[in-house]
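The chain contents come next:
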Amino acid sequence: MPPALRATLACYLAHYVLEVLSLWRGSSGEIGLFLPVASINGAYCVAMCFALWRRWQWARVWLVMTTVISAFVLLTLLRRGIWGAQWMATLASFLRIAVAAMLFLPSVRRWFAPRRT
């Protein structure tokens, strides 16, 4: 596994941690709403990391496509001027966009290239 892909997966996991912390802070500690959302988000994150590690091409495409949602969240935070108060959500959105960009690095692209048998 190339070091760039390891860095990509580390950024993706950091994105998840920041997203969960942002949700926890925003939910005011209501465990009834926070726990299911954080659990589903965690399962999704682990599944995506596993799929990227296993070189499944659909995971790379799906991650890049769903990054559009993070870009909209980031634009909303910036447009409303609350990016400073929601700094964890802002940083999580930046990390998600960075992960999508890192998937286009040459060594990562080679990792996903079809192998000849």
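This text follows the structure it describes.
1. Here we look at helix α4 (residues 87-102)
Its 16 residues place the ends of α4 22 Å apart at the C-alpha level, agreeing with the 22 Å of an ideal helix rising 1.5 Å per residue. Buried residues of α4: Met88, Ala89, Thr90, Ala92, Ser93, Leu95, Arg96, Val99, Ala100 and Met102, and no others. In this fold, the buried residues of α4 make contact with α1 (3-26), α2 (31-53), α3 (57-80) and α5 (106-112).

2. Examining the packing of aromatic side chains
Overall, the coordinates contain three aromatic pairs when judged by the stated rule. Here Phe50 and Trp56 contribute two aromatic rings whose centre-to-centre distance is 5.7 Å and whose plane-to-plane angle is 85°, an arrangement assigned as edge-to-face. Under the relative-accessibility criterion, Phe50 is labelled partly exposed at 41%. Given a relative accessible area of 36%, Trp56 falls into the partly exposed group. An aromatic cluster is defined as three or more aromatic residues linked by ring pairs; in this entry it consists of Phe50, Trp53, Trp56 and Trp58. The cationic tip of Arg55 hangs over the ring face of Trp111; the distance from NZ or CZ to the ring centre is 3.7 Å.

3. Here's the deal with the state of the cysteines
According to the stated counting rule, one finds zero disulfides in the structure shown. Not part of a disulfide, Cys11 finds its nearest cysteine sulfur in Cys49, a span of 11 Å. As a non-bridged cysteine, Cys45 has Cys49 as the owner of its nearest cysteine sulfur, 4.4 Å distant. Residue Cys45 is classed as buried on the basis of its relative accessible area, which comes to 2%.

4. Details of the layout of surface pockets
Counted as a void, the largest pocket has a volume near 400 Å³. Contributing to the lining of the largest pocket are 22 residues, with His15, Glu19, Leu23, Asn41 and Val73 lying nearest its centre. Residues belonging to the lining of the largest pocket are distributed by class as follows: 11 nonpolar, nine polar and two charged.

5. Re α1
Residues lying three or four places apart along an α-helix face the same way, a consequence of the helix completing one turn every 3.6 residues. The terminal C-alpha atoms of α1 lie 34 Å apart, and with 24 residues this matches the ideal 34 Å at 1.5 Å per residue to within 8%. Among the residues making up α1, those that are buried are Ala4, Leu5, Thr8, Leu9, Tyr12, His15, Leu18, Val20 and Ser22. Buried positions along α1 lie against α2, α3, α4 and α5.

6. Overview of the packing of α3 against α4
At their nearest, the axes of α3 and α4 sit 9 Å apart, and the two run at 150° to each other. Classified by the angle their axes make, α3 and α4 are roughly antiparallel. When the axes of α3 and α4 are compared, the crossing they make is left-handed. Counted together, Leu63, Val64, Thr66, Thr67, Ser70, Ala71, Val73, Leu74 and Leu77 of α3 and Ala89, Thr90, Ser93, Phe94, Arg96, Ile97, Val99 and Ala100 of α4 form the full contact between these two elements. Of the residues contributing to the contact of α3 with α4, the split by class is 11 nonpolar, five polar and one charged.

The rules behind the values
Counting from 1, residues in each chain are numbered in the order their sequence is written. It should be noted that, the model being predicted, local features are given only for residues of pLDDT at least 70 and side-chain atom pairs only at 80 or more, the latter also being counted only at that level, while totals for whole chains, interfaces and linings use all residues. Note that the side-chain values use all heavy atoms of the structure and ignore hydrogens as well as water. Put simply, DSSP marks the helices as runs of H or I at least four residues long and the strands as runs of E at least two long, and each gets a number from the N terminus on. Under the convention used throughout, the expected extent of a helix is 1.5 Å for every residue step, that is, one less than its residue count. Relative accessibility decides the category of a residue: with a 1.4 Å probe and only protein chains considered, values under 20% of the type maximum give buried, values over 50% give exposed, and everything between is partly exposed. What makes two residues a contact is simply this: any of their non-hydrogen atoms within 4.5 Å. Here a pair means two rings of Phe, Tyr or Trp (six-membered ring of Trp) with centres within 6.5 Å. Their orientation is stacked below 30 degrees between planes, edge-to-face above 60, and tilted elsewhere. Only lysine NZ and arginine CZ atoms are considered, and such an atom sits over a ring when it is within 6 Å of the ring centre and within 35 degrees of the ring normal. Two cysteine sulfur atoms make up a disulfide if the distance between them is within 2.5 Å. A cavity, in this analysis, means grid points on a 1 Å lattice covering only the protein atoms where a 1.4 Å probe fits yet has no way out; a pocket is instead an open set bounded by protein on both sides within 12 Å along at least five of seven lines, and a residue lines either one if it has an atom within 4 Å of a point. Grid points are joined across faces, edges and corners, and a volume is the space filled by probe spheres set on the points. Under the convention adopted here, Pro, Cys and the residues Ala, Val, Leu, Ile, Met, Phe, Trp and Tyr are nonpolar, Asp, Glu, Lys and Arg are charged, and Gly plus all remaining residues are polar. With axes taken as lines fitted to C-alpha atoms, and helix axes fitted only over the stretch in contact, angles between N-to-C directions fall between 0 and 180 degrees. The cut-offs work like this: below 35 degrees is roughly parallel, past 145 is roughly antiparallel, 65 to 115 is roughly perpendicular, and the gaps in between are oblique. What makes a crossing left-handed is the near helix being turned counterclockwise from the far one by less than a right angle; a clockwise turn instead makes it right-handed.

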